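What follows is the residue order along each chain.
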Amino acid sequence: MLELASNTIKALGIFGRLSPNLEKYFDSIEVKYSKKPDTKLGYDIFRHHTLTFVHNATVMDIAKQLDLLQDLKQFLPYKLAVRKLFVKDEVTMPGAEHIAIEFGLDQTKSLLQFIRERVGDVVVETPYIKTIWFVPKESQEKVFNELKALKEIEFTDFYLISNKQNDENTIYTSTRFK
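Residues numbered from 1 in each chain as written. Predicted model: local features only at pLDDT ≥ 70, side-chain atom pairs only at ≥ 80, totals over all residues. Heavy atoms only, no water.

S.K.: Please provide a residue-by-residue account of helix α3 (residues 109-119), values included.
M.R.: For an α-helix, the turn length of 3.6 residues means that residues three or four places apart are oriented alike. Listed in full, the buried residues belonging to α3 are Leu111, Leu112, Phe114, Ile115 and Val119. Down the axis of α3, the buried side of the element spans an arc of 155°, and every buried residue falls inside it. Exposed side chains of α3 directed beyond 90 degrees from the buried face belong to Lys109, Ser110 and Glu117. Where the residues of α3 are buried, they touch α2 (59-72), β4 (78-81) and β8 (152-162). Gly120 sits one or two residues past α3 and shows a positive phi near 70°. (Buried < 20%, exposed > 50% of the residue type's maximum accessible area, 1.4 Å probe, protein only. Helix = DSSP H or I, 4+ residues; strand = E, 2+ residues; numbered from the N terminus. Arc of directions from axis to C-beta. Contact = heavy atoms within 4.5 Å.)

S.K.: An account of unusual backbone geometry is needed here, citing residue identities and associated values.
M.R.: Cis geometry marks the peptide bond from Leu76 to Pro77; its omega dihedral reads -15°. In this model, Phe134 sits at a positive phi of 55°, which is unusual for a non-glycine residue. Assignment of secondary structure puts Phe134 in the loop between β7 (128-132) and α4 (137-147). When its relative accessible area of 4% is taken as the criterion, Phe134 is described as buried. One non-glycine residue, Asn163, lies in positive phi territory at about 70°. Position of Asn163 relative to the elements: it lies in the loop between β8 and β9 (170-173).

Here's what the structure looks like:
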């Protein structure tokens, strides 16, 4: 037997993943300006656009999310126009701030409606993505200047993740479906 005590995963969700080129671009800016805390504190997650989130997910939730993940492949790649850059607080670490890109829910309306029709109230409506993490106040204007020419962001995959948005907790991705 695999496990006698539990039939749930603490957290499960589907997240949009940026294109590899955009990830590299943001990484290059982050190297210059970010003051990331020790990864042992749990901040070693990838940039992501949250689409679904299930607390205490069951095996049936995993099945539903996998079916949705496959159906979402038709939306790839999806591109969003940059509306504005802004500073986003880190709610788990007072005083820490990230640079985020707002794109607006109107651009994701059809995608979110598609998800809602399949999995209901676990859909998450987030009109932004945090891009450059842990930027001290004195460097924020420099980051804004580097990002000001960015007109569009592109997501090239959707990831089904358990517990933490990193590669080690990735269950499956849309692009892996044939």
